[in-house]
Amino acid sequence: MSRTRSQQSRVLRWRLTVHTVVAWLIYTALFIVLALVVKAVVVPRIAELVVAQTGGVTFTDDPEPYFALPNWEVLPVYDQDAEGALVESGLYEVRELSAYLAVRQLKVPLVILLYLAGCLGIVMFELARALRCFDALAEAVASLLTDRSKPVELPASLSIAQGELDRIRLEALADERAAAAAEQRKDELVVYLAHDIRTPLTSVIGYLSLLDEAEALPSEQRQRFIRTALQKAEGLEGLIDELFEITRYNLRSIPIERRRASVRLMLQQVADELYPQAAARDVALVVEAPEDASFFADADKLARALGNVLRNAVAYADAGTEVRLEARPADDGGWDIRVVDQGREISPAHLESIFEKFYREDAARSTDAGGAGLGLAIAREIATAHGGTIRAESDRGLTVFTLHLPAA
């Protein structure tokens, strides 16, 4: 945006300068022509009028006394003889020129003043034109804040600013639509989860009621009822956790407190936490990291991010395969932590969206395979809070999530 403002300001300054210079040259040429015409035609008539009104014309046959007086003009009077030739009549026309000379001294300052007034008028006109551009820009910004549905309309001289404001308008509209869609997905998930909670809860109540009412149940059947009730209760706990995760989700509330931590130990702890889920799906967890390496990071938050990614990998990995959790030094001195699984492929279209909050790749809501769609979004925010990045690649069933942690 700053580069666009600089380009727009340069364009405006250039146009203002060109318009001002062209207007000044045209004005100067017209002023000179007009001044010459006035000097040749108008000024002599004005001079005669001033002299006639203030000169006090007198005729005398003895002009000598007037030659000694300042600001007096003495002109001989001519007559025509019988042949039409001009001859001196012996009389002289005497007139006082004080007022005429005083007015004549004001001629040059008056011309300069008029010229400068015209130049000032040109500058004021161009400044007013520039201010109209800023007024149009202010109105466009105000309309953009009140109604983003209308396209921005600005003068041709503000085409760069118009393009930038239109881009901002479209981005704001896209953000609003995305926020509305995310809010709608969240509301739908809350409704779905609230509905799904009833199913395991009903099962738990039903099996416990059977255990309470049928005291003479065989031991094997009693154990089966207890085991089923426990499984349903665990499923209910997972749904409740997802519901709480949705209601308290706020990406800006993730604080980062770094400390020195062992790379391999943290990865192993993350893998150990998900061992039961991996074993239930016949998936092996393999940790590969240097023994004595450490990094400076918030190990708890980073473990949460990797746990979310690893849980996703375990959920979609094929049975009998490995899910690898690897840590390698990066070229910039930081770390690249990868989660690799072999199983369901992620399409390129989904790769662009899987890190968005409340996004679920599986359109059918399988609570066994996926949660509320927050795990990967939280992982991305934790990586970003560390100054790092996270990306995903998937090709021919091999899916790799790479979390890059920059050097401290």
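Residues numbered from 1 in each chain as written. Predicted model: local features only at pLDDT ≥ 70, side-chain atom pairs only at ≥ 80, totals over all residues. Heavy atoms only, no water.

Draft legend 1. Spotlight on the packing of helix α9 (residues 299-316) against helix α11 (residues 375-385). The N-to-C vectors of α9 and α11 enclose an angle of 145 degrees; their axes lie 8 Å apart at closest approach. The chirality of how α9 crosses α11 is left-handed. Residues Lys301, Leu302, Arg304, Ala305, Asn308 and Val309 of α9 touch α11, and the partners they reach there are Gly375, Leu376, Ile378, Ala379 and Ile382. Each residue belonging to the contact of α9 with α11 can be placed in one class, and the counts come to seven nonpolar, two polar and two charged. (Axes fitted to C-alpha atoms, helices over the stretch in contact; angles between N-to-C directions. Helix = DSSP H or I, 4+ residues; strand = E, 2+ residues; numbered from the N terminus. Left-handed = near helix turned anticlockwise from the far one by under 90°. Contact = heavy atoms within 4.5 Å. Nonpolar A, V, L, I, M, F, W, Y, C, P; charged D, E, K, R; others polar.)

Draft legend 2. Summary view of helix α7 (residues 263-273). Those residues of α7 that fall on the buried side of the exposure criterion are Val263, Met266, Leu267, Val270 and Ala271. Looking down the long axis of α7, one finds its buried residues gathered within 135 degrees of arc, a one-sided arrangement. Its side-chain oxygen placed 3.3 Å from the backbone nitrogen of Leu265, Ser262 serves as the N-cap of α7. (Buried < 20%, exposed > 50% of the residue type's maximum accessible area, 1.4 Å probe, protein only. Arc of directions from axis to C-beta. Polar contact = N/O pair within 3.5 Å; in protein donor to acceptor, adjacent residues only side chain to side chain.)

Draft legend 3. Representation of the sheet that holds strand β7 (residues 322-329) within the structure. The strand order across the open sheet formed by five strands is β5-β7-β8-β10-β9, and the pairing between neighbours is mixed. This sheet does not close on itself; its edge strands, each paired only once, are β5 (284-288) and β9 (389-395). Strand-to-strand, the axes of this sheet are offset by a mean angle of 15 degrees, without reference to chain direction. Summarising the sheet, β5 and β7 pair through five bridges and their orientation is parallel. Across the sheet, Val286 pairs through a bridge with Arg324, a residue of β7. Each of β5, β7 and β8 (335-342) is contacted by α7, which is oriented at about 170 degrees to β5, the strand it contacts most. Relative to β8, α9 is tilted by about 20 degrees, and along the sheet it contacts β5, β7, β8, β9 and β10 (398-405). (Pairing = 2+ DSSP bridges.)

Draft legend 4. Examining the nonpolar core more closely. Judged by nonpolar contacts, the single largest core of 43 residues is most densely connected at Leu267, Phe295 and Phe401. Elements represented by at least two residues in this core include exactly α7, β6 (294-297), α9, β7, β8, α11, β9 and β10. When residues of this core are assigned to their parent elements, the largest contribution, eight residues, is made by α9. Counting six residues, the second-largest nonpolar core is a separate cluster that includes Ala136, Ala140, Val152 and Leu165. (Core = buried A, V, L, I, M, F, W, Y, C linked by side-chain atoms within 4.5 Å.)

Draft legend 5. Region of interest: the side chain of Glu326. The residue Glu326 is located in strand β7 in this model. The exposure class assigned to Glu326 is buried, which follows from its relative accessible area of 5%. Reaching out from Glu326, the side chain makes a polar contact with the side chain of Arg324 at a distance of 2.8 Å.

Draft legend 6. Main features of the pattern of salt bridges. Under the counting rule described, the total for this entry stands at 10 salt bridges. Taking the shortest distance from any N to any O, the salt bridge between Glu291 and Arg264 comes out at 3.4 Å. Here the residue Glu291 occupies a position in the loop between β5 and β6, and Arg264 occupies one in helix α7, the gap between them amounting to 27 residues. In this structure, Glu322 and Arg324 form a salt bridge, with 3.4 Å as the shortest nitrogen-oxygen distance. In this structure Arg324 comes out as partly exposed when scored by relative accessible area, which is 23%. Through salt bridges with shared partners, a single network forms among Glu288, Glu322, Arg324, Glu326, Arg328 and Arg338. (Salt bridge = Lys/Arg side-chain N within 4 Å of Asp/Glu carboxyl O.)

Draft legend 7. Molecular detail of unusual backbone geometry. For Asp282, which is not glycine, the phi dihedral falls at a positive 60 degrees. Here Asp282 is to be found in the loop between α8 (275-280) and β5. The exposure class assigned to Asp282 is exposed, which follows from its relative accessible area of 52%. Phi at Arg396 takes a positive value of approximately 55 degrees, unusual for a residue other than glycine. Its place among the elements puts Arg396 in the loop between β9 and β10. Its relative accessible area of 73% is what places Arg396 among the exposed residues.

Limitation: the analysis is restricted to geometry and does not speak to function.
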